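Remarks on the overall topology
The lines below spell out each chain.
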Amino acid sequence: MNVYDSERMADVLRPLGYGMADGPEDADFVILNTCHIREKAAEKVYSELGRLKEIKLARTGAGGAGMTIAVAGCVAQAEGEELMRRAPVVDLVVGPQAYHQLPELIARTARSRGERLAADFAPEAKFDALPKARAVSGCTAFLTVQEGCDKFCTFCVVPYTRGAEYSRPAAAVIAEAESLASQGVREVTLLGQNVNAYAGGQGWTLAILVRRLGEIPGLDRIRYTTSHPRDMGDDLIAAHGEVEALMPYLHLPVQAGSDRVLKAMNRAHTAESYLRLVERIRAARPDIALSGDLIVGFPGESDADFEATLDLVREVGYAACFSFKYSRRPGTPAAAMGRQVDEAVKTERLARLNAILDEQRHGFDRDTVGKTLPVLFEKTGRNPGQLIGKTPYLQAVWVEGPVSLIGAIAPVHIGGTGPNSLSGSLTGSPAAAPSSEAA
Ligand code: 5AD
Ligand code: SF4
């Protein structure tokens, strides 16, 4: 979502004459769009600011044009005041629901440092104010349809930084998707912290939205992320079996495999209910690739609890999965819980979990070898003549092929697997290249 927000910030600034710089050295204005989800991400902001300070000093010192530095995103929202105090190099701070006001903030900052706009949660006002035109490059795009979270998992800062659940009206989403498709976008990923809780008014659910977007000419691939198991409705599960454009890939975080831990996390599902849900999804779409998020070392997690997570992972079989050490976030209920787990134990558990997840991912990749899959080509590869694209299962794949195929979907025979990607070869004649998902 930060990628989407960053692109939209560029859209807001373009009418003021701003364009993208190649790096901070060439920039008059730098925005750090930040993440507060784990301590490491938040701490990175301060080290980045240290680096930017040098560049800023060098520019002004040499009699250059100077540089304005803004911090945006969830660190700005959660720690704006502290940021301004700790990092005098920062000129302004803007939260995730206020960045449409960047032009006014920049004008005010030119008069005096210290503008901070982070407090209000008004996603509606933001989306209304954002320019309708989006500058896109490439054949894939993100599209935020939902923001915020009412779930209050006890480890998570999102409900405090992004605010309550809000869904954009379906008409606005459809218009944005149509405009993307008219600019050559073939694949759109619908975004939301709880995207499957989407409720766009007048009965619009994510399932209905996906069906409607699937009718847009040229928009051949639809994905969505991130989902909560609790909001995985029958209509959405059915859509996975019925909507051709809906890709067979689902990111469905479970977080842990022990019911005791899930309860302490306030997840409102059990390991068993998650497994049954996975069964129903696979019944609707047998080839679906599953992904998720897992946390190790939540307060009070015992060896047996952790083993339950490994058992669940073995039972699900993920195609790709994200795993994190629990990070104690200020202001969240879990931060105040007793029996915090030692860092060394977290490290060891994460390594054991990752060994299984890596094996599952490689296994999933190996199973695609020998198959012919439709690949959407996104860009050229590192070596001349190479193209990189994605399979329906979100695997990166490279082939030898003409640059003219970028933006097209073409059948690829998968020949091998690497650590992070597949390799393959184009099959059939170039005439078979554009537009069809059918391989
Ligand atoms: N510590 C570790 N991981 C976290 N996540 C959210 N909050 C924390 C935290 N405090 C993870 C969850 C979530 C993903 C986006 O980040 O797994 O699904
Ligand atoms: Fe955070 Fe997701 Fe839980 Fe919401 S549902 S509190 S965003 S982990």
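Residues numbered from 1 in each chain as written. Chains lettered and ligands numbered in written order. Predicted model: local features only at pLDDT ≥ 70, side-chain atom pairs only at ≥ 80, totals over all residues. Heavy atoms only, no water.

**A short note on the side chain of K126**
- Among the structural elements, K126 can be located in helix α5 (residues 123-129).
- Within polar-contact distance, the side chain of K126 engages the backbone oxygen of P96 at 3.0 Å.
- There is a polar contact of 2.9 Å between the side chain of K126 and the side chain of Q97. (Helix = DSSP H or I, 4+ residues; strand = E, 2+ residues; numbered from the N terminus. Polar contact = N/O pair within 3.5 Å; in protein donor to acceptor, adjacent residues only side chain to side chain.)

**Digging into the domain arrangement of the chain**
- By domain assignment, the chain separates into domain 1 (2-122), domain 2 (125-367) and domain 3 (369-426).
- Placing a centre on the C-alpha atoms of domain 1 and another on those of domain 3 gives a separation of 37 Å. (Domains from an automatic or database assignment.)

**Considerations on the site of ligand 1**
- Around ligand 1, the structure places I37, R38, F155, Q255, D293, I295, F324, K325, Y326, S327 and R329.
- In this structure, Q255 approaches ligand 1 through a side-chain N or O atom, which is 2.6 Å from an oxygen atom.
- Backbone polar atom of S327 to a nitrogen atom of ligand 1: 2.8 Å apart, as the coordinates give it.
- Considered on its own, ligand 1 offers 400 Å² of accessible surface; in the complex 86% of this is hidden by protein.
- Looking at the shell around ligand 1, the elements that each hand over two or more residues are β11 (289-296) and β12 (320-325).
- Looking at the shell around ligand 1 residue by residue, the class counts come to 5 nonpolar, 2 polar and 4 charged. (Near = heavy atom within 4 Å. Areas by Shrake-Rupley, 256 points an atom, 1.4 Å probe, with all protein chains shown as cover. Nonpolar A, V, L, I, M, F, W, Y, C, P; charged D, E, K, R; others polar.)

**A short note on the state of the cysteines**
- According to the stated counting rule, one finds 0 disulfides in the structure shown.
- Considering cysteine sulfurs only, C153 is the nearest to C321, which forms no disulfide, with 15 Å between them. (Disulfide = S-S within 2.5 Å.)

**Digging into the packing of aromatic side chains**
- Per the stated rule, a full pass over the model turns up 6 aromatic pairs.
- Taken together, the aromatic side chains of F155, F298 and Y326 make up a single cluster linked through ring pairs.
- A cation over an aromatic ring shows up here: R38 above the ring of F324, its NZ or CZ 3.7 Å from the ring centre.
- For the cation-ring pair, K126 lies above F127, with the distance from its terminal atom to the ring centre recorded as 4.8 Å. (Phe/Tyr/Trp six-rings, centres within 6.5 Å; stacked < 30°, edge-to-face > 60°. Lys NZ or Arg CZ within 6 Å of the ring centre and 35° of its normal.)

**As for the pattern of salt bridges**
- Under the defined criterion, the tally for this structure stands at 33 salt bridges.
- Residue E187 is joined to R221 by a salt bridge in which the shortest nitrogen-to-oxygen separation is 3.8 Å. With E187 in strand β8 (residues 187-191) and R221 in strand β9 (residues 221-225), the pair connects residues that are 34 residues apart, well separated along the chain.
- Overall, the relative accessible area of 4% leaves E187 in the buried class.
- Close ionic contact of E187 with R223 constitutes a salt bridge, the shortest N to O distance being 3.1 Å. Residue E187 is located in strand β8, and its partner R223 is located in strand β9; the two are separated by 36 residues in the primary sequence. A single burial state applies to E187 and to R223, both of which are buried.
- Residues joined in a network through salt bridges with shared partners are D5, K126, E147 and R162. (Salt bridge = Lys/Arg side-chain N within 4 Å of Asp/Glu carboxyl O. Buried < 20%, exposed > 50% of the residue type's maximum accessible area, 1.4 Å probe, protein only.)

**What to know about the sheet that holds β9**
- Ordered by their spatial adjacency, 3 strands build an open sheet running β5-β8-β9, and the pairing between neighbours is parallel. Only two strands of the sheet have a single neighbouring strand rather than two, namely β5 (140-144) and β9. Between one strand axis and the next, the sheet turns by 25° as a mean value, whatever way the strands run.
- Two strands pair when backbone bridges link them, and β8 and β9 are joined in this way by 5 bridges, in the parallel orientation. Paired with E187 across the bridge in β9 is R221.
- Against the sheet, helix α7 (residues 170-182) engages β5 and β8, with an angle of about 165° to β5.
- Against the sheet, helix α8 (residues 206-213) engages β8 and β9, with an angle of about 165° to β8. (Pairing = 2+ DSSP bridges. Axes fitted to C-alpha atoms, helices over the stretch in contact; angles between N-to-C directions. Contact = heavy atoms within 4.5 Å.)

**What to know about the sheet that holds strand β10 (residues 249-251)**
- Across the sheet, 3 strands lie side by side as β10-β11-β12; this open sheet has parallel pairing. Both outer strands of the open sheet, β10 and β12, are each paired with one neighbouring strand and no more. Pairwise comparison of adjacent strand axes, ignoring direction, gives a mean angle of 15° for this sheet.
- Running over the sheet, helix α13 (residues 343-368) touches β11 and β12 and is turned about 175° from β12.

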